[in-house]
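Here is what each chain is made of, one letter per residue.
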Amino acid sequence: MIRLSLQKKQSMLRLAAQILSVVFHPLLGLTYMLVLLLLINPYLFGVNSITEDFALIAITLFSTFVVPGLVVVMMKMLGLIQSLEMEDRHDRIIPYIATGIFYLPMYLFFLHNGKVPLAYASFVLGSIIALFTAFFINLFTKISAHAVGMGGLVGMMVITRAFFSYETFTLHLNWGGAIQMSTNFILMLVIALAGMVGTSRLLLNAHEPKDLYGGYLVGFAAQFVALIFLF
């Protein structure tokens, strides 16, 4: 009975880890950054709330997640990679390049689009820098793409809190109400999620701790490199 209970708990933990790995897939990082910035300071985009800019979210999601994701699926169908999880670092080489090819035009589009603030263009550039840095490191040793993505998300929140927002922001609800949220709370939440995603990768035996530490550092630092470059 005890053994069965333990196995059940382990199965539930693995399931939770798999869900976290999917929900916070690295390709979703730019969409999450956009949503967070729109929630915290929609006025940067010239709108009053996130509900007024769903088109931009849809474009970002399609261009940075759906299209690169379909490329990976096609590579699996053609036998170019062993699995969609790409456990072997060599399987990640072409997907890294393909993702970079899709991200670069999006960066140029956002950079020269008057409706998109320079702040978000900076976050996109930071993600591109992190992507190609991870690609280079991946040639020699495995690095966690999930950790790179979450490190970038934490870096984005630190920069947003320091330069592009106030201590609190108003979250407008669909039913007409509004609540005051602390930017510091959102930052702490993102940091906690980054830790949970890293733990999930360890539970799934997808990475070793050094892969995660390197990924967090690359994703976090890349956002500040981009900030210095654009500002």
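Structure's up top.
Residues numbered from 1 in each chain as written. Predicted model: local features only at pLDDT ≥ 70, side-chain atom pairs only at ≥ 80, totals over all residues. Heavy atoms only, no water.

K.L.:
Would you mind going over the packing of helix 2 (residues 29-40) against helix 5 (residues 118-138) with me for this structure?
P.N.:
The description of two packed helices rests on the angle between their axes and on the distance between the axes. Across the interface, helix 2 lies against helix 5 with an axial gap of 10 Å and an inter-helix angle of 160 degrees. Here helix 2 lies roughly antiparallel to helix 5, going by the angle between them. Here the hand of the crossing between helix 2 and helix 5 comes out right-handed. Facing Leu 30, Thr 31, Met 33, Leu 34 and Leu 37 of helix 2, the residues of helix 5 in contact are Ala 119, Tyr 120, Phe 123, Val 124 and Ser 127. Among the residues forming the contact of helix 2 with helix 5, the class breakdown is 8 nonpolar, 2 polar and no charged. (Axes fitted to C-alpha atoms, helices over the stretch in contact; angles between N-to-C directions. Helix = DSSP H or I, 4+ residues; strand = E, 2+ residues; numbered from the N terminus. Parallel < 35°, antiparallel > 145°, perpendicular 65-115°, else oblique. Left-handed = near helix turned anticlockwise from the far one by under 90°. Contact = heavy atoms within 4.5 Å. Nonpolar A, V, L, I, M, F, W, Y, C, P; charged D, E, K, R; others polar.)

K.L.:
What am I meant to see in the nonpolar core here?
P.N.:
Generally speaking, a soluble globular protein has its nonpolar side chains buried in company with each other. In this structure, Phe 45, Phe 110, Tyr 120, Phe 123, Met 157 and Ile 186 are the most contacted members of the largest nonpolar core, which totals 54 residues. Elements represented by at least two residues in this core include exactly helix 2, helix 3 (54-77), helix 4 (93-111), helix 5, helix 6 (145-164), helix 7 (183-203) and helix 8 (209-230). Considering each element in turn, this core owes the most residues, 10 residues, to helix 5. Filtering out sequence-adjacent residues up to four positions away, Phe 123 remains in contact with Leu 30, Met 33, Leu 37, Met 156, Ile 159, Thr 160, Phe 164 and Gln 223. (Core = buried A, V, L, I, M, F, W, Y, C linked by side-chain atoms within 4.5 Å. Buried < 20%, exposed > 50% of the residue type's maximum accessible area, 1.4 Å probe, protein only.)

K.L.:
It is not clear to me how unusual backbone geometry should be interpreted in this structure. Could you clarify?
P.N.:
Glycine aside, negative phi is the norm for most residues, and most peptide bonds take the trans geometry. The residue Asn 205 is not glycine, and still its phi comes out positive at about 60 degrees. By the secondary structure assignment, Asn 205 is in the loop between helix 7 and helix 8. The class of Asn 205 is exposed, set by a relative accessible area of 66%.

K.L.:
Mind showing me how you'd approach a nonpolar patch on the surface here?
P.N.:
There is a patch of nonpolar side chains on the surface, built from Leu 15, Ile 19 and Val 23 and spanning about 250 Å² of accessible area. Mapped onto the elements of the fold, Val 23 is located in helix 1 (residues 2-23). (Patch = residues over 30% accessible without salt bridge, like charges linked within 9 Å, V, L, I, M, F, W, Y side chains within 5 Å. Areas by Shrake-Rupley, 256 points an atom, 1.4 Å probe, with all protein chains shown as cover. Salt bridge = Lys/Arg side-chain N within 4 Å of Asp/Glu carboxyl O.)

K.L.:
What exactly am I supposed to notice about the pattern of salt bridges here?
P.N.:
Any two side chains of opposite charge can pair, on the condition that their charged atoms come close. Taken as a whole and judged by the stated rule, the model has 2 salt bridges. Close ionic contact of Arg 161 with Glu 167 constitutes a salt bridge, the shortest N to O distance being 3.9 Å. Its salt-bridge partner being Lys 210, residue Asp 211 comes within 3.3 Å of it at the nearest N-O pair.

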